[in-house]
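# Remarks on the overall topology
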Amino acid sequence: HNDEGEAVVFSVPSFACQRRITLDNHNTIITGALSLLAENAELSEEDGRGVAFRRAAAVLKALPEPVTCMTQLRGLPCLGEHSLRVIKDILENGESNEVESMKQSERYKALKVLTGVFGVGAKTADRWIREGIHTLHQLRDSGHALNRAQQAGVEHYDDLNQPVSMAEADAVGEIVEKAVVSVLPGAQITLTGGFRRGKPSGHDVDFLITHPEEGREEGLMSKVVSWLESQGFLLYHKTSRNSYLESANGPARPASNMDRFERCFSIFKLAKKYHELGKDAGPEETKPAGHKPWRAVRVDLVVSPISQFAFALLGWTGSKLFERELRRWAGQEKAMSLSSHALFDNKQKRYLTATSEEEIFGHLGLEFIPPSERNA
Ligand code: DCP
Ligand code: MG
């Protein structure tokens, strides 16, 4: 409130990549509701609506204090009719009717359960729901053939739906570091994703791997994966060429570069620390059944040549909305195409190189936003 006792009217720039959004959120009830609506839209393959709700949530996350009345929101960007209705409901009744009934709906609950299986996306879940499959039991009984990823997803369902802690992320990091330096001394790993933004937990652990000498990273992923596998650290892995041609964004790049830019989706078998084993943990023979001494953790590995490292780092740090907004800013405001590989200036018809994230923000005419403030 200002000196006259009137509620403060907030001001927020239009693009999420122009805002400093920390994890210190003063409007968690509203942003939680809008995020659920976004999630539901995404699970229903209505991506446009999903982005609209995500953008609205990111505006509320940027506010310096809790919203108390609708007039404070006057003039803010990205708040559509639907989002405003939800916010009004929450301010008046403490919760949103629409969101509460959505959470209770059979369809939403089934979508959550089924897409909670690693390897199952919105399309597959929707198809199964239309066949009357709403639970994991029904999925097992249905006799549907599951692919390798989905089989691992069902097998490790509970572990993979339990958030990964920072301590676990560090433990995975030590293993990945050991793997990387064993197969290529001098190679470097960097923690990316939510943990780099300072989140205390996540759904997976993301790493970017490179070598300071261009070209030395070639073939690195398969060596790292072989090492991890030989040491018994992998429950599942699938390496894919991160085909940049498949993304709609930006111009095609030389095949030689693409071949080197690889991604591995994996599930690690992470040993539990002694204190995590539970009070009844003891010598192997006396351990109660069901208390396994390890747990499954999703890990994403990406290898990038050093020349693309800054772009890969920026692209894999997130948040997803922050990334999307950076690319939208580049295209709409600067006539540039940004990807996790490069930045192309469409007017000058040339690539703009960078060796740091700061340099990329500079090319884009944006103030530098550190990872901890990219939590849009
Ligand atoms: N990313 C992307 N495009 C993809 C996959 C990922 O731009 N197809 C980027 C944005 C994400 C980051 O990589 O922020 C890591 O992806 P995650 O799905 O792991 O997202 P987070 O790490 O941010 O969240 P979580 O804590 O749930 O793992
Ligand atoms: Mg992550």
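This write-up is about the structure you can find in this document. (Residues numbered from 1 in each chain as written. Chains lettered and ligands numbered in written order. Predicted model: local features only at pLDDT ≥ 70, side-chain atom pairs only at ≥ 80, totals over all residues. Heavy atoms only, no water.)

This paragraph deals with the sheet that holds strand β10 (residues 350-351). With respect to topology, 3 strands assemble into an open sheet ordered β8-β9-β10, the strand pairing being antiparallel. Unpaired on one side and paired on the other, β8 (336-338) and β10 mark the two borders of the sheet. The sheet contact formed by β8 and strand β9 (residues 343-345) spans 3 bridges and is antiparallel. From the neighbouring strand, Met336 faces β9, where its bridge partner is Asp345. (Pairing = 2+ DSSP bridges. Helix = DSSP H or I, 4+ residues; strand = E, 2+ residues; numbered from the N terminus.)

Lining the immediate surroundings of ligand 1 are 16 residues, of which Gly194, Lys199, His203, Asp204 and Lys320 lie closest. Arg197 is positioned such that a nitrogen or oxygen atom in its side chain is 2.9 Å from an oxygen atom of ligand 1. Asp206 is positioned such that a nitrogen or oxygen atom in its side chain is 3.0 Å from an oxygen atom of ligand 1. Secondary structure elements with two or more residues in the shell around ligand 1: α11 (193-196), α14 (309-317) and α15 (320-334). The leading source of residues in the shell around ligand 1 is α14, at 3 residues. Of the residues belonging to the shell around ligand 1, the class tally is 1 nonpolar, 8 polar and 7 charged. (Near = heavy atom within 4 Å. Polar contact = N/O pair within 3.5 Å; in protein donor to acceptor, adjacent residues only side chain to side chain. Nonpolar A, V, L, I, M, F, W, Y, C, P; charged D, E, K, R; others polar.)

Before going further, it helps to examine helix α3 (residues 81-93). Note that an α-helix has 3.6 residues per turn; residues three or four places apart therefore point the same way. Compared with an ideal rise of 1.5 Å per residue, which puts 13 residues at 18 Å, α3 spans 18 Å between its outermost C-alpha atoms and is within 8% of the ideal. Turning to α3, its buried residues are His82, Ser83, Val86, Ile87, Asp89 and Ile90. Within α3, the buried residues cover an arc of 155° as seen down the axis, which keeps them to one side. Away from its buried face by more than 90 degrees, α3 exposes Glu81 and Glu92. Those residues of α3 that are buried are in contact with α1 (28-43), α2 (47-61) and α4 (97-104). (Expected span 1.5 Å × (residues − 1). Buried < 20%, exposed > 50% of the residue type's maximum accessible area, 1.4 Å probe, protein only. Arc of directions from axis to C-beta. Contact = heavy atoms within 4.5 Å.)

Let us now look at the packing of aromatic side chains. Within the structure shown, the criterion is met by 6 aromatic pairs. Ring geometry for Phe15 against Trp329: centres 5.2 Å apart, planes inclined by 90°, an arrangement best described as edge-to-face. Linking Phe15 in the segment before α1 with Trp329 in helix α15, this pair joins segments that are 314 residues apart in sequence. Residue classification places Phe15 among the buried residues on the basis of a relative accessible area of 6%. What makes Trp329 buried here is its relative accessible area of 9%. (Phe/Tyr/Trp six-rings, centres within 6.5 Å; stacked < 30°, edge-to-face > 60°.)

Here we take up the coordination of the magnesium ion (ligand 2). Summarising the metal site, the magnesium ion (ligand 2) is bound by the protein donors Asp204 (OD) and Asp206 (OD), whose distances to it range over 2.0 to 2.1 Å. Of the two residues, Asp204 and Asp206, both sit in the buried class. (Donors = N, O, S within 2.8 Å, 3.2 Å for Na, K, Ca; no water.)

Another aspect to go through is the environment of Ala271. Tracing the backbone through its elements, the reader meets Ala271 in strand β6 (residues 262-271). When its relative accessible area of 57% is taken as the criterion, Ala271 is described as exposed. Note: C-alpha distance between Ala271 and His363 (92 residues apart in sequence) is 44 Å. Setting aside chain neighbours within four positions, we find Ala271 in contact with Pro293 and Trp294.

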